[in-house]
Amino acid sequence: ASISHDIQSPVKFIGTAARAIPEFVDTGQMDRLVKMGELIAYTSDQIFHLIEGMVTFFKPQIKGNKIEEEETDLHKLVSEKIAIFSGIIETHVGEVRIQIDEGFRVFTNPKLLGIVIHNLMDNAIKAKNYNKIVIATEERDGDLHLIIADQGPGLPLPMLDWVNTTTSPEDSSLQVVPDYSGLGLILVKEICQIIGMKIFVENKQGAHIHLIFGAGKYKSQVIRDLHRVEP
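Reading the values: rules and limits
Residues numbered from 1 in each chain as written. Predicted model: local features only at pLDDT ≥ 70, side-chain atom pairs only at ≥ 80, totals over all residues. Heavy atoms only, no water. Helix = DSSP H or I, 4+ residues; strand = E, 2+ residues; numbered from the N terminus. Buried < 20%, exposed > 50% of the residue type's maximum accessible area, 1.4 Å probe, protein only. Contact = heavy atoms within 4.5 Å. Areas by Shrake-Rupley, 256 points an atom, 1.4 Å probe, with all protein chains shown as cover. Pairing = 2+ DSSP bridges. Axes fitted to C-alpha atoms, helices over the stretch in contact; angles between N-to-C directions. Arc of directions from axis to C-beta. Phe/Tyr/Trp six-rings, centres within 6.5 Å; stacked < 30°, edge-to-face > 60°. Salt bridge = Lys/Arg side-chain N within 4 Å of Asp/Glu carboxyl O. Left-handed = near helix turned anticlockwise from the far one by under 90°. Nonpolar A, V, L, I, M, F, W, Y, C, P; charged D, E, K, R; others polar. Core = buried A, V, L, I, M, F, W, Y, C linked by side-chain atoms within 4.5 Å.

Moving on to the overall build of the chain. Secondary structure summary: the chain contains seven helices and eight strands in total. Here the chain holds 231 residues, and the buried ones make up 42% of them. Sequence-distant contacts in the chain: of pairs separated by 6 or more residues, those separated by 24 or more amount to 71%. With the model as given, the accessible surface of the chain reaches about 13300 Å², and the carbon-plus-sulfur share is 54%.

And the structure:
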């Protein structure tokens, strides 16, 4: 079901869209042609990144390798992921703002964290046309929250409860929402467990998804100008 939803259907769309291009050219519908080209590029990129994410996710488990963690610049990683969506954001999203302290460093696997951010950004973009998305950091009770917030319709309550409360390995499939068969949120939740990062979702004028780094999993490198005072 996941492959059908995330790969087969988008590939079919690309074929259908490509076959429509000659008609747009013949009838002079250049605006529609440009938008169609952007959608084809976006859909192709999404398929590529989904497969890349799946390979990154499964490779250590198949080979039995330990997942390596390293100090990662959070602002830089988020900025790089947003750049991937720049074309489709410009066309379909009103605004994306980054409110991340540039001094924050997290200890994690950057590739796996990148997959999580990528999937959540994709969901936020699809939630609503001309959406406003804010990606921010907050420190709460000794934890660092990376929050991806949008102004869309929010998550269906069964899906929200599944993300927030279900942790048992046997319930790794998202069956509580019958019309949802994508792999994105399932990967997100599994990866968060693997890299020791908590996830919490709340609906508050849109979906607010918290990726939580506990004590010891982050630090803040605040750069200060030190002035030496002569006696």
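Having seen it, we continue.
We now examine the side chain of His-118. Looking at where His-118 falls in the secondary structure, it is placed in helix 5 (residues 110-127). Excluding residues within four positions of it along the chain, His-118 makes contact with Gln-46, His-49, Lys-81, Ile-84 and Phe-85.

Right, let's talk about the sheet that holds strand 3 (residues 104-108) for a bit. Here we have three strands laid out as an open sheet, ordered 1-3-8, and antiparallel in their pairing. Each edge of the open sheet carries a strand with a single partner, namely strand 1 (70-73) and strand 8 (218-220). Each strand axis lies, on average, 25° off the axis of its neighbour in the sheet, ignoring direction. Note: strand 3 against strand 8, three bridges, orientation antiparallel. Residue pairing across strands places Arg-105 opposite Lys-219, the latter belonging to strand 8.

Among the residues of helix 6 (residues 157-165), those classed as buried are Met-159, Leu-160, Trp-162 and Val-163. Down the axis of helix 6, the buried set is contained in an arc of 160°. They therefore lie on one face. Seen from the buried face of helix 6, the exposed residues on the opposite side, beyond 90 degrees, are Leu-157 and Thr-165. Of the surrounding elements, those touching the buried residues of helix 6 are helix 7 (184-194) and strand 6 (198-203).

As a further point, take the packing of aromatic side chains. For the structure shown, the criterion picks out one aromatic pair. Taking the centre distance of 6.1 Å and the plane angle of 65° together, the rings of Phe-104 and Tyr-218 count as edge-to-face. Here Phe-104, found in strand 3, pairs with Tyr-218, found in strand 8; they are 114 residues apart in sequence, far enough to count as distant. Across the pair, exposure class does not vary: Phe-104 and Tyr-218 are buried alike.

Oppositely charged side chains are able to pair whenever their charged atoms sit close together. Throughout the structure, instances matching the rule amount to seven salt bridges. Of the charged contacts, one joins Arg-140 and Glu-138 as a salt bridge, the two residues approaching to 2.8 Å between their closest N and O atoms. Arg-140 sits in the partly exposed class, given a relative accessible area of 32%.

Looking now at the pairing of strand 3. Strand 3 sits mainly inside the fold: four of its five residues count as buried. The pairing of strand 1 with strand 3 spans four bridges and is classified as antiparallel. The partner of Thr-72 across the bridge, within strand 3, is Val-106.

Turning our eyes to something else, we now look at the side chain of His-75. Among the structural elements, His-75 can be located in helix 3 (residues 74-84). The buried category is assigned to His-75, whose relative accessible area is 19%. The residues touching His-75, leaving out its near neighbours within four places in the chain, are Ile-98, Ile-100 and Glu-102.

On to the packing of helix 5 against helix 7, then. Where helix 5 meets helix 7, the closest approach of the two axes is 9 Å, and the angle between their N-to-C directions is 145°. Between helix 5 and helix 7 the crossing geometry is left-handed. Taken together, the residues of helix 7 that come into contact with helix 5 (itself represented by Leu-112, Ile-115, Val-116, Asn-119, Leu-120 and Asn-123) are Gly-184, Leu-185, Val-188 and Ile-191. A per-class count over the contact of helix 5 with helix 7 returns seven nonpolar, three polar and no charged.

Here the focus is the environment of Ile-133. Relative to the helices and strands, Ile-133 is located in strand 4 (residues 131-140). Note on Ile-133: relative accessible area 0%, which makes it buried.

Residues Leu-113, Met-121, Ile-135, Leu-146 and Leu-211 are the most contacted members of the largest nonpolar core, which totals 50 residues. Top element by residues in this core is helix 5. It accounts for nine residues. Excluding residues that lie within four positions of it along the chain, Ile-135 makes contacts with Val-78, Ile-82, Arg-97, Ile-98, Gln-99, Ile-100, Met-121, Leu-146, Ile-147 and Ile-148.

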